[in-house]
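Chain by chain, the residues:
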Amino acid sequence: MSLTRRLVRAALPAFLALHSSFFLSEAQAQAPKTYSSSEILLGLKKLNVLGSVLYIAAHPDDENTRLIAYMANGRLVETGYFSCTRGDGGQNLIGPELREQLGVIRTQELLAARRIDGGRQFFSRANDFGFSKTPDETFKIWDKEQVLADMVWVIRQRRPDVLITRFPPDARAGHGHHTASAILAAEAFDAAGDPKRFPEQLQYVQPWQPKRLLWNTGSFFVKPGENMDGYLKIDAGGYNALLGQSYGEIAARSRSQHRSQGFGSAAQRGEALEYLQLVKGEKATKDPLEGVDMTWKKLGLDGLKIQKEIDAIINSYNPSQPTASLSSLFELHESLVSFRLQSLRKVQGHVKDIPEVDFWVNQKLEDVGQLIKACSGIYVEATVAQSAATVSDPLTVTIDVTNRSGAPITLLESGVENRNKSIGDPMLVDGASIRYTHTQAAVAPDIAQKLIRAGREYPKDSLTTYLHITSQPYWLVDKPTEGMYKVPDQAQRGTPQNAAFAEVKVWVLLGTNKKPLYMGKSEVLRTIHFSVPVQYKRTDPALGELYQPLTVVPPVAVNVVGRAYVFADNQPKTVPVTLKAGRANAKGSVALQVPAGWKVEPASIDFTIANKDEERTVSFQVAPQGNQESTGQLRAVATLDGQPYARGIQQINYPHIPIQTLFPEAVAPLVKLDLKRRKQEIGYLMGAGDEVPDALRQLGYRVTMLKPEDLHAEFLKRFDAVVLGVRAYNTVDRLKFQQKELLEYVEKGGNLVVQYTVNRGTVLPEIGPYPMQLSNDRVTVEDAPVTITRPQHPLMSAPNKITPEDFKGWVQEQGLYYPSSWDPKYQTVISSQDPGEQPKQSAILVTDYGKGHYIYTGLSFFRELPAGVPGAYRLITNMIELGKDKAN
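1. Side note on the overall build of the protein
Counting its regular elements, the protein contains 20 helices and 45 strands. Across the 888 residues of the protein, 57% fall into the buried class. Put simply, of all contacts in the protein between residues at least 6 apart along the chain, 75% involve residues at least 24 apart.

2. Observations concerning the nonpolar core
Judged by nonpolar contacts, the single largest core of 79 residues is most densely connected at Ile-830, Ile-844 and Leu-859. Ranked by the residues each element gives to this core, the list is headed by helix α20 (residues 870-881), at six residues. Setting aside residues up to four positions removed in sequence, Leu-859 forms contacts with Phe-807, Trp-810, Gln-814, Gly-815, Tyr-818, Ile-830, Ala-843, Ile-844 and Leu-875. Core analysis: the next-biggest nonpolar cluster, separate from the first, contains 52 residues, Leu-332, Ile-378, Ile-528 and Val-532 among them.

3. Some thoughts on unusual backbone geometry
Negative phi values dominate among residues other than glycine, just as trans dominates among peptide bonds. A cis amide bond, omega -10 degrees, links Glu-601 with the succeeding residue Pro-602. Looking at the secondary structure, you find Pro-602 in the loop between β27 (598-601) and β28 (605-609). Cis geometry is found at the peptide bond from Ala-798 to Pro-799, where omega equals -5 degrees. Examined against the element boundaries, Pro-799 turns out to sit in the loop between α18 (794-797) and β41 (815-822). For Asp-61, which is not glycine, the phi torsion reads 85 degrees and is therefore positive. Relative to the elements of secondary structure, Asp-61 occurs in the loop between β1 (52-57) and α3 (65-74).

4. Some remarks on the sheet that holds strand β23 (residues 556-560)
Strand order in the open sheet formed by four strands is β23-β25-β29-β27, and the pairing between neighbours is antiparallel. The open sheet has two free edges, formed respectively by β23 and β27, since each of these has just one partner strand. With direction set aside, neighbouring strand axes in the sheet form an average angle of 30 degrees. Bridge analysis of β23 against strand β25 (residues 573-581) gives five bridges, and the strand direction is antiparallel. Within β25, the residue paired with Val-558 across the bridge is Leu-579.

5. Examining the packing of aromatic side chains
Enumeration over the complete set of coordinates arrives at 16 aromatic pairs. Between the aromatic rings of Phe-807 and Trp-810, the centroid separation amounts to 5.3 Å while the plane-to-plane angle is 25 degrees, which identifies the pairing as stacked. You'll find Phe-807 and Trp-810 in the same group, each marked buried. Taken together, the ring pairs in this structure connect Tyr-770, Tyr-826, Tyr-849 and Tyr-854 into an aromatic cluster.

6. A look at the confidence of the model for the protein
Scored by pLDDT, the protein comes out at a mean of 89, with 90% of its residues at no less than 70. Taken together, the stretch residues 1-27 has pLDDT below 50 and engages in 52 contacts with residues farther than four places along the chain or on a different chain. Low confidence marks residues 446-466, where pLDDT is under 50. Its contacts with residues over four positions away, or in another chain, come to 33 contacts.

7. As for helix α4 (residues 99-117)
An ideal rise of 1.5 Å per residue puts 27 Å on 19 residues; α4 measures up with 27 Å between its terminal C-alpha atoms. Counting buried positions along α4 yields 14 of 19 residues, so the element is predominantly enclosed. A positive backbone phi angle near 90 degrees is found at Gly-118, which sits one or two residues after α4.

8. As for the pattern of salt bridges
Proximity of charged atoms lets side chains of opposite charge pair with each other. The tally for this structure, following the rule as stated, stands at 47 salt bridges. Close ionic contact of Glu-629 with Arg-874 constitutes a salt bridge, the shortest N to O distance being 2.4 Å. Linking Glu-629 in the loop between β29 (615-624) and β30 (630-640) with Arg-874 in helix α20, this pair joins segments that are 245 residues apart in sequence. For Glu-629, a relative accessible area of 40% gives the class partly exposed. Relative accessible area serves as the criterion here: at 10%, Arg-874 is assigned to the buried category. Between Glu-805 and Lys-808 there is a salt bridge, with the nearest N and O atoms lying 2.8 Å from each other. Each of Lys-46, Glu-78, Arg-120, Arg-158 and Glu-366 takes part in one network of salt bridges that share partners.

9. Quick word on the side chain of Lys-364
Within the element layout of this structure, Lys-364 appears in helix α11 (residues 355-376). Ignoring sequence-local partners within four residues, the contact set of Lys-364 consists of Lys-46, Leu-47, Val-49, Leu-50, Trp-296 and Leu-336.

10. Quick look at the sheet that holds strand β5 (residues 212-217)
Read across the open sheet, the seven strands follow the order β3-β2-β1-β4-β5-β9-β6; overall the sheet is mixed. At either margin of the open sheet sits one strand with a lone partner, and together these are β3 (120-123) and β6 (232-235). Strand-to-strand, the axes of this sheet are offset by a mean angle of 30 degrees, without reference to chain direction.

11. Regarding the side chain of Gln-812
With respect to the helices and strands, the residue Gln-812 is situated in the loop between α18 and β41. Among the residues examined, Gln-812 registers a relative accessible area of 12% and is labelled buried. Polar contacts involving the side chain of Gln-812 include one to the main-chain carbonyl oxygen of Gly-89, which spans 2.8 Å. For Gln-812, the side chain forms a polar contact with the side chain of Arg-99, separated by 3.2 Å. Once residues lying within four places of it in the same chain are set aside, the contact partners of Gln-812 are Gly-89, Arg-99, Phe-129, Gly-130, Thr-780, Glu-782 and Arg-863.

12. Concerning the pairing of strand β36 (residues 702-706)
Where strand β35 (residues 681-685) meets β36, five bridges bridge the pair, whose relative direction is parallel. For Gly-683, the partnering residue across the bridge sits in β36 and is Thr-704. Note on the crossover from β35 through helix α14 (residues 692-698) to β36: the handedness is right-handed.

Conventions and cut-offs
- All residue numbers here refer to positions counted from 1 along the written sequence of the relevant chain.
- Confidence filtering applies because this is a predicted model: local features only for residues at pLDDT of at least 70, side-chain atom pairs given and counted only at 80 or more, and all residues used for totals across whole chains, interfaces and linings.
- Side-chain metrics rest on all non-hydrogen atoms present in the structure, leaving aside hydrogens and water.
- Each helix is a run of H or I in the DSSP string that is no shorter than four residues. Each strand is a run of E no shorter than two, and both are numbered from the N terminus.
- Working definition: with a 1.4 Å probe on protein chains only, accessible area under 20% of the residue-type maximum means buried, over 50% means exposed, and in between means partly exposed.
- The contact definition used throughout considers only heavy atoms, calling two residues in contact when any of these lie within 4.5 Å.
- What we call a nonpolar core is a set of buried Ala, Val, Leu, Ile, Met, Phe, Trp, Tyr and Cys residues that are connected through their side-chain atoms within 4.5 Å.
- Strand pairing is defined by DSSP finding a minimum of two bridges between the two strands.
- Each axis is a line fitted through C-alpha atoms, taken for helices only over the stretch in contact, and angles between the N-to-C directions span 0 to 180 degrees.
- Pairing of aromatic side chains requires ring centres within 6.5 Å, counting the rings of Phe and Tyr and the six-membered ring of Trp. Pairs whose planes differ by under 30 degrees are stacked, by over 60 edge-to-face, and all others tilted.
- Confidence of the prediction at every residue is given by pLDDT, a number between 0 and 100.
- Under the convention used throughout, the expected extent of a helix is 1.5 Å for every residue step, that is, one less than its residue count.
- Salt bridge criterion: a side-chain nitrogen from Lys or Arg within 4 Å of a carboxyl oxygen from Asp or Glu.
- For this analysis, a polar contact is any N or O atom pair within 3.5 Å, provided that within protein one partner can donate a hydrogen and the other can accept it, and provided that sequence-adjacent residues contribute only side-chain to side-chain pairs.
- Handedness of a crossover is defined as follows: orient the strands so they point away from the viewer, and if the path from the first strand over the helix to the second runs clockwise, the crossover is right-handed.

Structure, rendered in structure tokens:
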């Protein structure tokens, strides 16, 4: 080993400790980030700004992307967004994913937004359980102290000078989660600086007291004509010449990443005033950062020396030759390390960093390290030829390095995880590339050690082991409660996503061993350390290079085909189970576990799958026994090498986010119910995306998926009923022209069932044959008592008798987007309300129109049917059957 490499290796622990947070936050499933000269200059300017802001709200898409873009790129302060939840309880405009799956999508949408507007992303452990009308209800379901602890943890980590909330701490916020986020921010403002609050955190961080807490109000909180003189006012609409965009333009691109929520935004240019009101702390009259020393001066006289050194780098920066700044940046890196060491002080016989110096020097060391890599132009990426591997698979990583620094470079060493190897010190002239491979015996040859590094105890059973060691999002590893995710590891709390499972580290020397380009006080600082995630890369004929995270999978995944199995009689149904091999030569057996009162045949099925990633589908026959209504759950379990595996594999693939892989339980609801129905043909027009058609097929209906061009009365007359999916009138633009055809179908005797429509952004002003005013009204308590107001109405009596019992066992919410007013020709048939509110009667509106029937319903069938709720199946059957008087 050369002297240079020995010096490099000796300094690695300190270097990695300083830079680990950056390496873990690098975006996965993307080509390695490269920087333009103007972006580098913006980064250089940011080195002289020592200020921090944390924006706080409740959900993905609540954040003010314009203010974040302005703070991060205009004021150049460290800017973060703390979202209390991951948005699991919302709706999905782009597909059928709900709950935890939607939370994964919205997490990635936030990360995509932050990559554009320059902020950092943080979360609490709170689970978005759905719409909440009051903070009291929210705090009954969330563990308030845990959410507060997570907020305090991030504040102590990031040490923001100013906290900014999106919402007021009262009913004006419009959502219990919104209000709760503001209440928690006010409590966290005080708690973060109090060493008596959450003292368990103090082994990692120090108390921190922000200077002020502000509320970022907006037009939706301000009354028309309200005097805004009492608010702090800033213009966040400025133009950033280095980025070639205004902050409004950046914000629009950022906000448009929230595609699942339909938040595509138009760019704003010119003045854009933001109003802020003091909630706690020191008053500011002109600037939210007023009174905050954001210069190196606050770190003492040595800090001023650092500031002058940075000024000199900025003044001499040549945008056409960024590499000319490398020598100065290396010197700055060395100065920062020296400054940090000189700032150590002894406290009660122990050496301890001064927290303020420690935070800012570490942050700027991270930034300088990134600028060195950016200025060098050196390109490093690490890829594998497979998208997935088990923990025991050999892993061959291809490492590509291209020298674009304008001078020779020498590769000293590289490694995957902690397994480093010498590569012979190859020297690359400017413009040259090298490709080499690094092979290790297994992705994770020591599972226990991997778990120890993650701060977890080694699980005893293989099911838990593989769930912890696979690529399952960390907050989904342990089963959550209704209101909280379980994250035992303190270090993971607040982080947006898993770290890359494997990283490649490459050490590069500028110049050669005999003639390095930079010789400072320490030879260590002549090197550049690259740490890049190992990714799967492929070339698509239409889209070009595509990157995907390396996914760690179990040896076999078990997917139950179908969301729920519903039986109106005791006839058996086929339950397909798809097995996907995570390795070659997977041989074992699979069985279905069912509760008492159910029969499954055969008892088990042997399987042999020769190739990795190959799938095989086997089928079981399942039937209820007895005539009583019952509900339960089936579970598929595969046994391989004596170990059970009961998790499936699910990929979430949308073009605006990296591919996400989840490992859901291989389960499905079993429902035996007393239900009468007629053999009918149903036409189904999908809206935003739901799984209702599969549920209707479980009842025996023949469901034809309609295209917008099918919506002609002549074509539709073949169907006994036509059902429109959720948000169809928000997403199917052609309905503005085809509405008359749908109504003609009804008029001639058809039955049209329209599921909920959001009250904003409809493609036409009237969605029914008679006027109704859609609203945001809803019943959020899923088990709120229901009164049948017209029990003799055919919708409530035929072919199934609907009673209040049919509304028991519902999940998340009873219904949403109820009309607030409607034409008298519509009839209402049920009534319910949330606690303390007046009854709402418009969950179902039904009217005769010509010879047929029109039904609008805000009831959440899109949640209840996949969850196997018996009453929901009976009720939607009656809607479909309305007007048919001949039963089988």
